[in-house]
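Geometric and topological summary
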Amino acid sequence: METALQAQAQNLMHWSAMGFGLGIASYFGASHEPGTAVFLAASLSAGLCVALAIRYRNGTARFLIVIAAVAAGFSWSQFRAHAVAGPVLPERFYGAVQGRVIEIDRSLSEKPRLTLDQVVLGALPQQATPRRLRVALHGRAQDDVPGIGDIVQLAAHLSPPPLPAEPYGYDFQRQAWFAQLGAVGYTRSPVMIWRPALAEPGRLTVQKWRHEIGAHMTAHMPDRIAGVAVAITVGDRMYLDRDVQQTLRAANLSHLLVISGLHMGLLTSLVFFFTRALLSCWPYLILNWPIKKIAALMSMGVGAGYLLLSGASVATERAYIMAFTIFAAVLLARRAITLQALAIAAILVLLLRPEALLGPGFQMSFAATGLLIIVFNAMSQWSWMARWPIGARYFMGSVVSAAVAGLAAAPIAAAHFNHLPHYGVLANVIAVPIMAFVVMPGAIAAAALAPFGGEALGLWGITLGLGAILDVASFVADLPQSISHIKAPPPKVLGILAVSVLFGIFWQGRLLRLAAIPACAALGFWIVFPRPDVLISGDGRLIGVMVEGARVLNVAKGSGFVARSWLENDGRPISQQSAYGMMPTWIEIVGKGSQPDPSCHAVLVVVQDWRSERACDGFDLGHLTAAGGLAGRFDKSGVLHWTTVRQAIGHRLWNSAALRPAQTHNRAGAKAP
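Report on the accompanying structure.

Rules and cut-offs
Residues numbered from 1 in each chain as written. Predicted model: local features only at pLDDT ≥ 70, side-chain atom pairs only at ≥ 80, totals over all residues. Heavy atoms only, no water. Salt bridge = Lys/Arg side-chain N within 4 Å of Asp/Glu carboxyl O. Helix = DSSP H or I, 4+ residues; strand = E, 2+ residues; numbered from the N terminus. Buried < 20%, exposed > 50% of the residue type's maximum accessible area, 1.4 Å probe, protein only. Axes fitted to C-alpha atoms, helices over the stretch in contact; angles between N-to-C directions. Parallel < 35°, antiparallel > 145°, perpendicular 65-115°, else oblique. Left-handed = near helix turned anticlockwise from the far one by under 90°. Contact = heavy atoms within 4.5 Å. Nonpolar A, V, L, I, M, F, W, Y, C, P; charged D, E, K, R; others polar. Phe/Tyr/Trp six-rings, centres within 6.5 Å; stacked < 30°, edge-to-face > 60°. Lys NZ or Arg CZ within 6 Å of the ring centre and 35° of its normal. Lys, Arg positive; Asp, Glu negative; His and termini not counted. Core = buried A, V, L, I, M, F, W, Y, C linked by side-chain atoms within 4.5 Å.

A complete count under the given rule lists ten salt bridges for this structure. With a closest N to O distance of 2.8 Å, D117 and R100 form a salt bridge. Of this pair, D117 sits in strand β2 (residues 112–121) while R100 sits in strand β1 (residues 92–106), and the two are 17 residues apart along the sequence. Of the two residues, D117 and R100, neither departs from the other in class, the shared state being buried. Two residues, R224 and D471, come together in a salt bridge whose shortest N-O distance is 3.5 Å. Residue R224 is found in helix α7 (residues 223–234), and its partner D471 is found in helix α17 (residues 455–477); the two are separated by 247 residues along the sequence. A relative accessible area of 48% means that D471 is categorised as partly exposed. A network of salt bridges, in which partner residues are shared, links E166, R531, R551 and D570.

On to the packing of helix α3 (residues 36–56) against helix α4 (residues 59–83), then. Where α3 meets α4, the closest approach of the two axes is 8 Å, and the angle between their N-to-C directions is 155 degrees. By the angle between their axes, α3 is roughly antiparallel relative to α4. Viewed along their axes, α3 and α4 form a crossing whose handedness is left-handed. Here α3 contributes V38, F39, A42, S43, S45, A46, C49, V50, L52 and A53 to the contact with α4, which in turn contributes A61, L64, I65, I67, A68, A71, A72, F74, S75, Q78 and F79. A breakdown of the residues in the contact of α3 with α4 according to their chemical character gives 17 nonpolar, four polar and no charged.

Relative to the helices and strands, S365 resides in helix α14 (residues 360–379). If sequence neighbours within four positions are ignored, S365 has contacts with A315, R318 and P360.

Per the stated rule, a full pass over the model turns up 16 aromatic pairs. Between F28 and W654 the ring centres are 5.8 Å apart and the planes differ by 35 degrees, which places this aromatic pair in the tilted class. With F28 in helix α2 (residues 12–29) and W654 in the loop between α23 (645–649) and β16 (664–665), the pair connects residues that are 626 residues apart, well separated along the chain. A relative accessible area of 9% places F28 in the buried class. Joined through ring pairs, the aromatic side chains of Y27, F28, F74, F178 and W654 make up one cluster. Directly above the ring of Y56 sits R55, whose terminal nitrogen or CZ lies 5.2 Å from the centroid. It is R652 that lies over the ring of Y27; its NZ or CZ is 4.7 Å from the centre.

Glancing now at helix α20 (residues 560–569). Considered for burial, the residues of α20 that qualify are V562, A563, S565, W566, L567 and N569. Its buried side turned inward, α20 meets β9 (534–537), β10 (543–547), β11 (550–553) and α21 (576–579). G571 lies just past α20 and shows a positive phi near 80 degrees.

With that settled, consider the side chain of K208. Note on placement: K208 falls in helix α6 (residues 205–219). Nearest to the buried, unbridged K208 among oppositely charged side chains is E212, at 7.2 Å. With near-sequence residues (within four places) excluded, K208 lies in contact with I148, G149, A197 and L198.

Glancing now at the packing of helix α13 (residues 339–352) against α14. In contact at an axis separation of 10 Å, α13 and α14 are set at 170 degrees when each is read in the N-to-C sense. Relative to α14, the element α13 is oriented roughly antiparallel. Where α13 abuts α14, its residues L339, L342, A345, A346, V349 and L350 lie against F362, F366, T369, G370, I373 and I374.

By size, the foremost hydrophobic cluster in this structure holds 50 residues, and its most contacted members are M221, V228, L253, M435, I462, L466 and I469. Looking at this core, the elements with two or more residues in it are α7, α8 (242–250), α9 (261–279), α11 (291–309), α12 (314–332), α16 (424–449) and α17. Considering each element in turn, this core owes the most residues, nine residues, to α16. V228 has contacts with L240, V244, L257, L466 and L470, leaving out every residue within four places of it along the chain. In this structure, Y27, F178, V314 and F362 belong to the second largest nonpolar core, which totals 27 residues.

See below:
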């Protein structure tokens, strides 16, 4: 054992990053919120393991370092969850809302959406008022959208962040908790500006710049292209058309919309190249100044500015840390593109936001980058490739990059987005060079010429390049069988798969072959594990039943988000209208004013009336509301076994408020039934 552990010394940073992530996953996977005693025990365990590792400095010491990383990840996640704690709206609210606009984006229904801070909610006490809330603008409210920094007043319908659509589904409450988002809702009345945004610089200055740049690009570019251009330059998806997003997703080009390693790498590399080339024009500078290091410093500075301007998402943070590491290695004359740098980036990103571990942005970004590093490090040993023409080597690198990145991200995209593109390699081989040689140079030219009023030349280059990329995406998306739809994985399957793959990559020795066993078992379990036979929403209005492999729904409209989530998780993203009207006879749905058949010949009876008595064993609407929704599976004898959303999410900080009985506040702040 000592020899095996000693062999892992060269990968200690990798194991530490993996251990830190395991600790974070352990915290978020707990069914109950750990108490203070658990936090102290984890923190003390981490410190003790580090002290013992320093004392002994042998193979066991490496193991203790990893155990310390696990304990540190657990305790740090718990600390972060309590540090961002803020009030969550406990009940539904309708009335006057005042707040400052800090972000403008679009909802899933393509409506403008405002995120507000400095919130005042009618007569609600300040200590119970959420720090931030998000309001979608419907109807007349869309006529005059305020700007970043404006203090606005509106009449809004608000509620706590919603529960998952089904047990073990996407938990928006957790995301809202860490974003300090305590309420969501909508308004149909016009938004009134109580006080315009202040002119002096402040915390929202960068956000204002992003919004103004996006508005300027939209005004000077075609609508189809402007949304993509704004997304790849300032990270704002406010103007992005949903059909364009679907086309890029079907062609496996949606990663172009995320400001990540591709964009940051292209930008900083081009800045490095042009700065070094410009300085090389003066012989005095070549002979007396370290122009290569000056170019590296310039690239680091431009990358930092791009990070701030783009909104600093997880993928962008990872990309900048990697780019910073590369150019720091240039300054120190060291090798940079290694898994060590990626491990450092993972630890730094998770220190900033441990909750990012659960998101697709973190998972896909690090998976694709890690596999690319491994593959290209192996290819660098192929001496025979050096004899190829430069064009052939570039084409080979493009094909390998697209295939490797797609392979790494495929299971993660399938788990989170329930789809698997088939022709992603073809689309990326054509689109990525266009992005590198047309779009990004155009963006740099637009930024450099904007102070002199000459940004039109750069915007023309962006329009030309993105138009070609969208044409490629449309062609690939329209190919036969361009995409497969995948059902959602069972709980913890993706985590087991990730740990198995990382173990197989990091372990030095024969045991690495054992990683294939849990990985294959996880994939097999994903394939054979059935979706729930019956799903019922938390309000009892939407019922979905699996009939001969297809989900049928009881209503053609209403509860659209829940219906779409169910159908996508089934791997059959048909419309709600298509899933309606095929309800089988073994389900009895009883509307208001009716009573169920007392003989209960039906297997499942759903009574859609708050006042109804339960005629058979099961859930009435009160119990259903408390449960948050149901998923049922038939056993071999035909008996339904239920799992509730409440059981799946447990008792955590971020869901305690939303599980209280729903009531409504009116304008005066009094409760109404």
